Amino acid sequence: MASPQVDTESVPGEGYERGLNSRQVQMIAIGGAIGVGLFLGAGANIAKAGPSLIVMYALAGVIIFFIMRALGELLLYRPVSGSFAEYSREFLGPFFGYFTGWTYWLMWIVTGMAELTAAAIYINYWFPQIPQWVTALVFLVLLFGANLISVKLFGEIEFWFSMVKVTAIIGMIVIGLGVLTFGFSAAGDTATVSNLWAVDGFFPKGIGSSLMTLQGVMFAYLAVELVGVTAGESENPEKTLPKAINTLPWRIALFYVGALTVILCVVEWTEFAGGASPFVKAFAVIGIPAGAGIVNFVVLTAALSSCNSGMYSTGRMLRTLADNGEAPGVYRRLSSTKTPALGIATSVVFMGIGVVLNYVVPEKAFGYVTSIATAAGIWTWLMILVSHVLYRRQVVAGRLPASSFPAPGGSLCSYIAIVFLLFVTALIAIDADARICLYVMAGWAAVLGIGWMVLKDRNPQVARRREPALQKADDRA
């Protein structure tokens, strides 16, 4: 049955229910930092870099914190749903808002494909007879239904998905430390801190090979910026968003650096390979009854969590694009439950391409889509950083009000992060397997460029800058 529609065209970006409470926003932020890139992708990266992968995650984590503090300053200057596109539109011009909005939509579409692929791989752990594409399709339909109901349900699902992930990683760390300290379990005789350097050194395949894993490491951090998309539906963004962002360093230190360090102390790095979760492998080596199965369930929830987030964010981004005349106007409308139902449905149809990939090339599907998602994510992060630099210039010049949550060091950290992201892009360009994503992005840019020319021809208004509505943020301050 079709939901009655609520017309909210008159006020761009308005009409959402502020149904995400502080508890949910905090867990969405935490869950965004723990995804399939860690649970599944880390296996292949360990095989490429050995223990030095820990340093790569720590280095990338510092850059991610710089990005999030830049985003935080912008969010508290003007909290809006679809934030990255809005800030790109304001500080770089309408074309960049259009390009960023559609590219972020693409990022989550292909990320959703990756998560569906990962979920199907995890189900194969228990039921190898079920084709990957069948599992992917079932999960796609179930999450689609949940996203149509309400933002509160989305927030609650994310809360519990994230709770499962956090509990599992903390449990893994505690058990691993117990094995290292007391020597119990089947891994007790071989578990030692010296595993970090005893087998061919800390950089067993050279620093160059370790740096090449940065593209996969950055994919693991995709979705930390999702907290910015929730700004328009948070009950109290001025309080919840800074808290969520400021807890990012300890989340990265614990969930990524801490977990990987413990795992690589318990199990020699040579035991890991692509296509299997290092967490599942570690529990299997430790020999805890049903431990590997439990962790497999946890990493399954991580994949479903990220796919759920993808449906949430793509629907909102399509609405932001429609508000600005950059997508069909029908996407402006909200359902009776105040969700952008048509935008979510359209995104789900495109995520269904992932189901096809799992049918055609199940062994390569994950690698293809993760590289494309990383390239799209890097563009999004670059736009956040450049927008932040330009915003800071406006504040210094006295043309815009200062944010209540300024980034430490002003624009300096944003410049450092920009250089780092360009370096990662160069690494992608020299990697024969990952390079395909740059070709895809070039094609995507050409399609968006043609689309922009058509839009301008039909409606010249879309190419004109407009002043942002600042009074909403001021009223809540």
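For the structure itself, look to the data block above.
What you are looking at is a predicted structure, and each value in this text was computed from that prediction instead of being measured. (Residues numbered from 1 in each chain as written. Predicted model: local features only at pLDDT ≥ 70, side-chain atom pairs only at ≥ 80, totals over all residues. Heavy atoms only, no water.)

Caption draft 1: How the structure looks around the packing of helix α10 (residues 214-221) against helix α18 (residues 412-430). In contact at an axis separation of 9 Å, α10 and α18 are set at 125° when each is read in the N-to-C sense. Here α18 runs oblique to α10, going by the angle between their axes. Residues Leu 214, Gln 215 and Met 218 of α10 form the contact with α18, whose participating residues are Phe 420, Leu 421, Phe 423, Val 424, Leu 427 and Ile 428. For the contact of α10 with α18, a count of residues per class yields eight nonpolar, one polar and no charged. (Axes fitted to C-alpha atoms, helices over the stretch in contact; angles between N-to-C directions. Helix = DSSP H or I, 4+ residues; strand = E, 2+ residues; numbered from the N terminus. Parallel < 35°, antiparallel > 145°, perpendicular 65-115°, else oblique. Contact = heavy atoms within 4.5 Å. Nonpolar A, V, L, I, M, F, W, Y, C, P; charged D, E, K, R; others polar.)

Caption draft 2: Just helix α19 (residues 436-458), in detail. The terminal C-alpha atoms of α19, which comprises 23 residues, lie 33 Å apart, in line with the 33 Å expected from a rise of 1.5 Å per residue. Listed in full, the buried residues belonging to α19 are Cys 437, Met 441, Trp 444, Leu 448, Gly 449, Trp 452 and Leu 455. (Expected span 1.5 Å × (residues − 1). Buried < 20%, exposed > 50% of the residue type's maximum accessible area, 1.4 Å probe, protein only.)

Caption draft 3: Main features of the environment of Lys 165. Note on placement: Lys 165 falls in helix α8 (residues 151-182). On the basis of relative accessibility, which here comes to 1%, the residue Lys 165 falls in the buried class. Separated by 133 residues in sequence, Lys 165 and Val 298 have C-alpha atoms that sit 6.0 Å apart.

Caption draft 4: The side chain of Ser 305, seen in detail. Looking at the element boundaries, Ser 305 is found in helix α15 (residues 291-323). Given a relative accessible area of 1%, Ser 305 falls into the buried group. A distance of 3.3 Å separates polar atoms of two side chains, one belonging to Ser 305 and the other to Lys 165. With residues up to four places along the chain from it excluded, the contact list for Ser 305 reads Glu 158, Phe 161 and Lys 165. (Polar contact = N/O pair within 3.5 Å; in protein donor to acceptor, adjacent residues only side chain to side chain.)

Caption draft 5: Main features of the packing of aromatic side chains. Throughout the structure, instances matching the rule amount to 18 aromatic pairs. With a centroid separation of 6.1 Å and an interplanar angle of 40°, the aromatic rings of Phe 95 and Tyr 98 are classed as tilted. On the criterion of helical spacing, the pair formed by Phe 95 and Tyr 98 is a turn pair, its members being three residues apart in helix α6 (residues 94-126). Relative accessible area serves as the criterion here: at 4%, Tyr 98 is assigned to the buried category. Measuring from ring centre to ring centre gives 5.6 Å for Phe 95 and Trp 452, while their planes differ by 70°; the resulting arrangement is edge-to-face. In this pair, Phe 95 sits in helix α6 while Trp 452 sits in helix α19, placing the two residues 357 residues apart along the sequence. On the basis of relative accessible area, Phe 95 is assigned to the partly exposed category, the value being 28%. An aromatic cluster is built from Phe 95, Phe 96, Tyr 98, Phe 99, Trp 379 and Trp 452, whose rings are joined through pairwise contacts. Sitting over the ring of Phe 405, Arg 69 keeps its end group 4.1 Å from the ring centre. (Phe/Tyr/Trp six-rings, centres within 6.5 Å; stacked < 30°, edge-to-face > 60°. Lys NZ or Arg CZ within 6 Å of the ring centre and 35° of its normal.)

Caption draft 6: Structural view of unusual backbone geometry. Unlike most non-glycine residues, Asp 200 shows phi in positive territory, near 70°. For Asp 200, the position within the fold is in the loop between α8 and α9 (206-211).

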